[in-house]
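Fold and contact review
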Amino acid sequence: MHAHCFTAISRDKPRVEAKIGVKFFGGQENEVSVKANLSVVSGVRMTETYESATVLGNKINLPDAIKYTRDLYITYVDEDILVIRDSSGVPEILVRK
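Just so it is clear, the model here is predicted, and its values are computed rather than measured.

Let's talk about the packing of aromatic side chains
Taken as a whole and judged by the stated rule, the model has one aromatic pair. Relative to Tyr-68, the ring of Tyr-50 lies with its centre 5.3 Å away and its plane at 80 degrees, an arrangement referred to as edge-to-face. Highlighted residues: Tyr-50 in strand β4 (residues 45-55) and Tyr-68 in the loop between β5 (58-61) and β6 (69-77), separated in sequence by 18 residues. The exposure class of Tyr-68 is partly exposed, given its relative accessible area of 44%.

Rendered as structure tokens:
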């Protein structure tokens with residue numbers, strides 16, 4: 001089975017919300033979502049910092065000590081597609097819906 005991740009980027013904070021359906025222990029599918037802030041560092045670089053997660057309906061605000069942060073580099077952008085890479089070079093392709 002192939003899961004689809006939905007990512008929304010908005011102007012309001014937190015700017016990023018990613019959602020995916022997962023099955024825990026083979027049971028029914030549940031939605032897991034992560035919210036992150038996105039800050040512009042330069043014309044080609046952004047920093048993404050995870051702020052909270054919602055699992056099984058429970059929202060968890062992440063303490064500063066364990067917030068995940070990564071730099072993202074824009075490698076291509078047009079009206080419909082955004083290609084970003086993290087510092088290890090792994091690409092993510094986002095398509096406007």
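Quick look at the nonpolar core
Val-16, Ala-36, Leu-38, Met-46, Leu-72, Leu-82 and Ile-84 together form the largest nonpolar core, which totals seven residues. Among the secondary structure elements, those contributing two or more residues to this core are β3 (29-40) and β7 (81-86). Apart from the residues within four sequence positions on either side, Leu-72 is in contact with Leu-38, Val-44, Arg-45, Met-46, Glu-48, Ile-84, Arg-85 and Asp-86.

As for unusual backbone geometry
A positive phi angle, close to 55 degrees, is found at Leu-56, a residue other than glycine. Locating Leu-56 in the fold gives a position in the loop between β4 and β5.

Remarks on the pairing of β6
When β4 meets β6, the two strands line up antiparallel, connected through five bridges. Note on β6: the bridge partner recorded for Met-46 is Leu-72. Bridge count for β6 against β7 is five bridges, and the pairing is antiparallel. Bridge assignment links Val-77 to a residue of β7, and that residue is Leu-82. Counted along the chain from β6 to the antiparallel partner β7, the turn is three residues long.

Regarding the side chain of Arg-70
Secondary-structure assignment places Arg-70 in strand β6. A polar side-chain atom of Arg-70 sits 2.6 Å from a polar atom in the side chain of Glu-48. When residues no more than four places from it in sequence are discounted, the contact partners of Arg-70 are Met-46, Thr-47, Glu-48, Tyr-50, Asp-86 and Glu-92.

Some thoughts on the pattern of salt bridges
Under the counting rule described, the total for this entry stands at five salt bridges. Across the pair Glu-48 and Arg-70 runs a salt bridge, and its minimum N-O distance is 2.6 Å. A residue pair is termed long-range when its members are at least 10 positions apart, and Glu-48 in strand β4 and Arg-70 in strand β6 qualify at 22 residues. One exposure class covers both Glu-48 and Arg-70, and it is buried. In this structure, Glu-51 and Lys-67 form a salt bridge, with 2.8 Å as the shortest nitrogen-oxygen distance.

The rules behind each value
- Residues numbered from 1 in each chain as written.
- Predicted model: local features only at pLDDT ≥ 70, side-chain atom pairs only at ≥ 80, totals over all residues.
- Heavy atoms only, no water.
- Phe/Tyr/Trp six-rings, centres within 6.5 Å; stacked < 30°, edge-to-face > 60°.
- Helix = DSSP H or I, 4+ residues; strand = E, 2+ residues; numbered from the N terminus.
- Buried < 20%, exposed > 50% of the residue type's maximum accessible area, 1.4 Å probe, protein only.
- Core = buried A, V, L, I, M, F, W, Y, C linked by side-chain atoms within 4.5 Å.
- Contact = heavy atoms within 4.5 Å.
- Pairing = 2+ DSSP bridges.
- Polar contact = N/O pair within 3.5 Å; in protein donor to acceptor, adjacent residues only side chain to side chain.
- Salt bridge = Lys/Arg side-chain N within 4 Å of Asp/Glu carboxyl O.

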